[in-house]
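The chain contents come next:
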Amino acid sequence: MKAFIHIKEISKHFGDFVAVDNVDLKIAQGELFSILGGSGCGKTTLLRMLAGFEIPTSGSIEIDGTDITHQAPYDRPVNMMFQSYAIFPHMSVSKNISYGLRKDRVAKKEIAKRVDEILELVQLTELKDRKPDQLSGGQRQRVALARALIKRPKVLLLDEPLAALDKKLRERTQFELVNIQEELGITFVVVTHDQEEAMTLSDRMAVMDSGQFQQIGTPKEIYEFPHNRFVADFIGTINIFDGIVTAVDDDRISVYSDEAGETLTALGKQLVDVGQQIDIAVRPEKIFIGKEKPDDANDVCIEGTVHDLGYLGNRSLYRIKLSSGKIVQVSSQNRRRSVTRFLDWEDKVWISWKPRSAVVLLDK
Amino acid sequence: MRRRSRFILSALAFGYAFLYIPLISVVIYSFNDSSLSAVWGGFSTRWYSELFRNTQVLDALFLSVKIAVTSATLATILGTMAGLALARFGRFKGRTFFSGMISSPMVMPEVITGLSLLLLFVTLQQLTGWPGQRGFSTITIAHTTFSMAYVAIIVQSRLVAMDESLEEAAMDLGGRPLRVVFDITLPLIAPAMIAGWLLAFTLSLDDLVIASFVSGPGSTTLPMLIFSKVKLGVSPDINALASIIIAAVSLGVVVAWIAMRRNAKPS
């Protein structure tokens with residue numbers, strides 16, 4: 001992959017605190033890349049270093065082959081959409097949007113033309129003379145986006161672009177954002193703490209924790225093939241069983257877990273040895289639940305009782321208690337239309353999954 | 001409607017009476033025809049016309065306003081710069097110490113401020129020959145010194161409440177730091193600067209103590225004149241003057257309040 005943005009061994013220290021710890025990252029041109037992590041994981045600091053508001057303690061950043069590590073924010077071919085949107089309250093919508101071009105002394109005619117174009121793109125043409133305090137949250141978000149896009153930056157940075165919107169609006173805006181990105185072909189770097197946002201927006205994403213990337217990949221790779229326990233646990237819900245490897249075949253491994261009270265089989269190309277301590281992790285939606293023990297001898301089957309259940313409309317959530325006391329979460333689609341419960345509290349049930357559904361986590 | 005206790009109502013009435021009866025009586029007596037201040041001799045505006053013929057009073061008024069406008073403007077410029085530095089300089093060692101120091105002129109007794117400034121001006125004169133004569137310039141400098149502390153604090157608190165990403169966004173869009181100050185920061189703190197200017201203007205206009213220390217012969221400010229006249233007995237034209245000042249100050253407060261309210265709207 002040809003790196004359009006190349007972050008090389010970058011670190012940022014604030015006194016004794018290490019916000020970003022020796023991070024490497026390559027992002028391709030036209031990619032929509034998300035950095036996902038909890039608060040204080042260093043994602044915002046990384047973004048601010050890309051924008052030029054923080055100078056890295058060590059390392060360098062290249063964009064399109066140019067080292068921009070020490071360039072001032074106003075000289076960078078990068079624009080940012082702020083979490084608070086940072087719309088200038090004393091300027092009208094069109095003055096806000098044209099600010100960047102006016103600072104670059106672009107000709108008045110050209111400014112007017114480009115403002116009209118971008119207003120149309122974000123569907124704000126009718127509101128161009130409004131003051132920011134007369135706009136709704138969604139409209140403000142689009143003003144901020146238009147203002148950051150009008151200079152046609154090489155990279156657009158978005159800090160929690162959807163966090164300030166309500167749920168319905170957020171879902172709609174997500175798709176709008178992706179459409180605009182595809183139409184303009186600008187490289188987007190999004191920072192978010194919302195995994196759903198990261199999953200739906202991104203081409204690729206990075207999961208960040210304590211200043212380092214835990215995993216970089218497509219949303220699918222990260223969800224289905226997490227590299228370690230942190231990523232597995234951070235993205236979505238997952239059931240994790242501690243275990244010891246008891247046998248290794250060509251492609252399948254057997255792991256005995258006290259918590260499960262069973263030997264769990266999983267597919268593992270990984271190099272594991274007999275006697276090694278590993279974790280087996282299974283997503284709730286990969287687990288089948290039923291009153292009868294399934295026939296397929298290859299499946300992993302465990303008996304338990306319904307500890308808790310919740311009806312969510314499209315699906316139901318079950319918390320199944322195993323004989324060891326371990327609680328396993330199961331999510332099942334409500335395919336049948338019915339008002340009676342298929343399972344009830346304290347029912348004896350069997351949970352099962354295919355060996356290929358299980359994730360093998362090596363690190364402890 | 002909620003019933004209000006009689007005690008609270010009378011406390012309210014008493015409080016406001018305490019505040020405003022002296023002011024109201026001055027206004028009433030300014031229309032008194034008698035030349036004895038304490039005796040009512042019928043309605044007249046003759047003290048107002050007499051006042052406008054009294055060049056001594058007019059000169060003092062003119063000097064006071066000139067000093068107030070100049071020192072308020074200087075204090076606003078310096079105070080805004082200090083406020084910007086305190087709010088936007090980031091963390092540095094001794095920052096709390098510096099922001100505490102800025103407010104010390106507000107708590108310092110005026111007598112001490114006046115005395116120390118006088119000593120400074122005398123020393124300066126001996127060393128450099130300036131100021132040759134104390135008057136407009138020394139009073140203006142003295143007033144600027146203590147009123148800029150107020151401006152700095154008003155501006156600083158406004159800046160602290162302001163979203164810093166507004167300035168970052170402007171910089172991100174290509175505004176150089178100095179441009180950003182003029183494009184974004186100053187327009188947004190303008191209400192605080194106006195409020196600071198008005199406060200500095202008022203402080204300067206009614207200062208007697210500090211001005212008495214640093215003024216020289218021939219430069220009498222209005223408060224100094226009134227004070228010296230009262231020592232010889234209250235003449236009714238002073239009542240007229242006081243009424244005009246009350247009217248002007250009330251107008252100023254209303255204008256300032258409207259300006260603040262218009263800008264306090266959520267951004």
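Residues numbered from 1 in each chain as written. Chains lettered and ligands numbered in written order. Predicted model: local features only at pLDDT ≥ 70, side-chain atom pairs only at ≥ 80, totals over all residues. Heavy atoms only, no water.

Residues and elements named next belong to chain A. Pairing in this open sheet of four strands is antiparallel, and the strands run β2-β1-β4-β5 from one edge to the other. The sheet terminates laterally at β2 (17–27) and β5 (66–67), the two strands that pair on one side only. Where strand β4 (residues 58–63) lies against β5, two bridges are found, and the strand directions are antiparallel. In the sheet register, E62 faces β5, and the bridge partner there is D67. Sheet contacts for helix α1 (residues 43–51): β1 (5–14), β2 and β4; angle to β1, the most-contacted strand, approximately 120°. (Pairing = 2+ DSSP bridges. Helix = DSSP H or I, 4+ residues; strand = E, 2+ residues; numbered from the N terminus. Contact = heavy atoms within 4.5 Å. Axes fitted to C-alpha atoms, helices over the stretch in contact; angles between N-to-C directions.)

Take the domain arrangement of chain A next. Residue and element names in this part refer to chain A. Here the domain parsing of chain A yields domain 1 (5–233) and domain 2 (237–361). The C-alpha-based centres of domain 1 and domain 2 are spaced at 39 Å. On the side of domain 2, nine residues touch domain 1, which itself brings nine residues to the contact. Overall, the association of domain 1 and domain 2 removes approximately 800 Å² of surface from exposure, summing both partners, and the carbon and sulfur fraction of that is 47%. Among the residues of domain 1 in contact with domain 2, Y223, R229 and A232 are the three that bury the most area, contributing 62% of the side total. The interface formed by domain 1 and domain 2 includes six residue pairs in polar contact (both at pLDDT 80 or more). Every element with two or more residues in the side of domain 1 that touches domain 2 is listed here: α7 (219–224) and α8 (229–234). For the side of domain 1 that touches domain 2, the class distribution of residues is four nonpolar, two polar and three charged. (Domains from an automatic or database assignment. Buried area = accessible area lost by both parts, 1.4 Å probe. Polar contact = N/O pair within 3.5 Å; in protein donor to acceptor, adjacent residues only side chain to side chain. Nonpolar A, V, L, I, M, F, W, Y, C, P; charged D, E, K, R; others polar.)

Turning our attention to the interface of chain B and chain A. Taken together, the contact pairs 21 residues of chain B with 24 residues of chain A. Carbon and sulfur atoms make up 61% of the surface buried where chain B meets chain A, a total of about 2,000 Å² over both sides. There are three salt bridges connecting chain B and chain A. Between R48 of chain A and E168 of chain B there is a salt bridge whose closest N-O contact spans 2.7 Å. Taken together, the links from chain B to chain A amount to 10 residue pairs in polar contact (both at pLDDT 80 or more). For the side of chain B that touches chain A, the elements supplying multiple residues, two or more each, are α8 (165–172) and α9 (177–205) of chain B. Residue composition of the side of chain B that touches chain A, by class: 11 nonpolar, four polar and six charged. (Salt bridge = Lys/Arg side-chain N within 4 Å of Asp/Glu carboxyl O.)

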